[in-house]
Each structure stands twice: as structure tokens, then as C-alpha cells.
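# Descriptive structure summary
The chain contents come next:
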Amino acid sequence: FVNTHLEAFGDTAIREAQAKELIAAGGPLRSGKMPAVLVGDLNSDDDTVEGGDRLAYNALKKGGLVDRGTQKPMSCCVKSDMLADSNGSVADFDHYIDHIMTNRPKAVKTIKAGVTGRKPVNGYWNSDHAGVWSNLRMP
């Protein structure tokens, strides 16, 4: 089980290099006999935005990782430094960069997946990200 947060603000090539490190021979997603599950804020997705937003995600996919979370509804991000409900909207959740992935898609099956935290509670958002979760079946 690997939980990570890839670089958020630097050059997109940094995220790509971090993703490649995860899938490199002997790396955390390649060492061991059991299936691996990667979770985290990868700051990368498969959208069609121009630029390098897809570099890290594409590197992980090329390395054999498959999504086991959900893209619907979107999970990122409330666009405010203050997480009071008056400073954000569910419409802010317009992309997904928080992922649940596996290196053994035939062995790790998604039973159910979803997103939580897409509305304020007691006047505040839980986070700028909604919570992505998955119920997985593994050997």
C-alpha cells in the first residue's frame, strides 16, 4: 500500500519523474509478490488540458497501473484559501487528481467507489479536495 502526494507547484516534469520512480524496477510498486495499491494526490489526471497535467498520470498508466477509484463525481478542488462554505461551491470540483490505482488489475477488483465531502458541514468544507474512496477485493 503506497500513499503519496506528488509535487503540486513545480515543473510538471518533477511529477513525471516522481511517478516513474514509483514504477521503476525495485520501486515500491514493483517490489513484492502481492498486488500493490497506490493512493494519493497525484496532481495529474487524464484530462485534455493543454500542458503537462497528464505527464505523471500517463507515466503510471504506461507502467501498468489501472484506476480503481472513480472520476465521477469530480473530487478537486474548492478554489479558496478559506474553506468557509461561502467561499466555495460544488461547481469548483471540476477535475480529478486524487487517485486509487493498482499494478495488478486482474487481481484487484473495485466493488464500489465514490467521493465524499462535496458539500460543507457546519459552515466549512472538510478540505479543498473531496475524499475519494474505494472498496476493493484482493487475493
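A short tour of the structure in this document, coming up. Keep in mind that what you see is a predicted model, and the values were worked out from it rather than measured.

### Thoughts on the state of the cysteines
Simply put, the disulfide is a covalent bond whose two ends are the sulfur atoms of two cysteines. Summed over all chains, the structure comprises 1 disulfide. For Cys76, the disulfide goes to Cys77, at an S-S distance of 1.3 Å. Across this residue pair, the class does not change: Cys76 and Cys77 are buried.

### Digging into the pairing of strand S4 (residues 98–102)
Residues in a regular strand point their side chains to alternate faces of the sheet. Across the 5 residues of S4, 5 count as buried, placing the element largely inside the fold. The two faces of S4 match: Asp98, Ile100 and Thr102 on one face and His99 and Met101 on the other face are all buried. Of the pairings in the sheet, the one linking strand S2 (residues 37–41) to S4 comprises 5 bridges and is antiparallel in character. Paired with Leu38 across the bridge in S4 is Met101. In this structure, strand S3 (residues 66–67) lies alongside S4, joined through 2 bridges in antiparallel fashion. Bridging from a neighbouring strand, Asp67 pairs with Met101 of S4.

### Digging into the nonpolar core
It is characteristic of soluble globular proteins that their nonpolar side chains tend to be buried jointly. Counting residues in each nonpolar core, the largest one holds 16 residues, and the members touching the most others are Ala19, Leu29, Leu38, Leu42, Leu60, Leu65 and Met101. Of all the elements in the fold, those that place two or more residues in this core are helix H1 (12–23) and helix H2 (55–62). For this core, the element with the most residues is H2, which contributes 4 residues. Setting aside chain neighbours within four positions, we find Ala19 in contact with Leu6, Ala56, Ala59 and Leu60.

### Digging into the side chain of Asp67
Here Asp67 shows up in strand S3. There is a polar contact of 3.4 Å between the side chain of Asp67 and the side chain of His99. Residue contacts for Asp67: discarding those within four places in its chain leaves Tyr57, Lys61, Tyr96, His99, Ile100 and Met101.

Cut-offs applied
- Residues numbered from 1 in each chain as written.
- Predicted model: local features only at pLDDT ≥ 70, side-chain atom pairs only at ≥ 80, totals over all residues.
- Heavy atoms only, no water.
- Disulfide = S-S within 2.5 Å.
- Buried < 20%, exposed > 50% of the residue type's maximum accessible area, 1.4 Å probe, protein only.
- Helix = DSSP H or I, 4+ residues; strand = E, 2+ residues; numbered from the N terminus.
- Pairing = 2+ DSSP bridges.
- Core = buried A, V, L, I, M, F, W, Y, C linked by side-chain atoms within 4.5 Å.
- Contact = heavy atoms within 4.5 Å.
- Polar contact = N/O pair within 3.5 Å; in protein donor to acceptor, adjacent residues only side chain to side chain.

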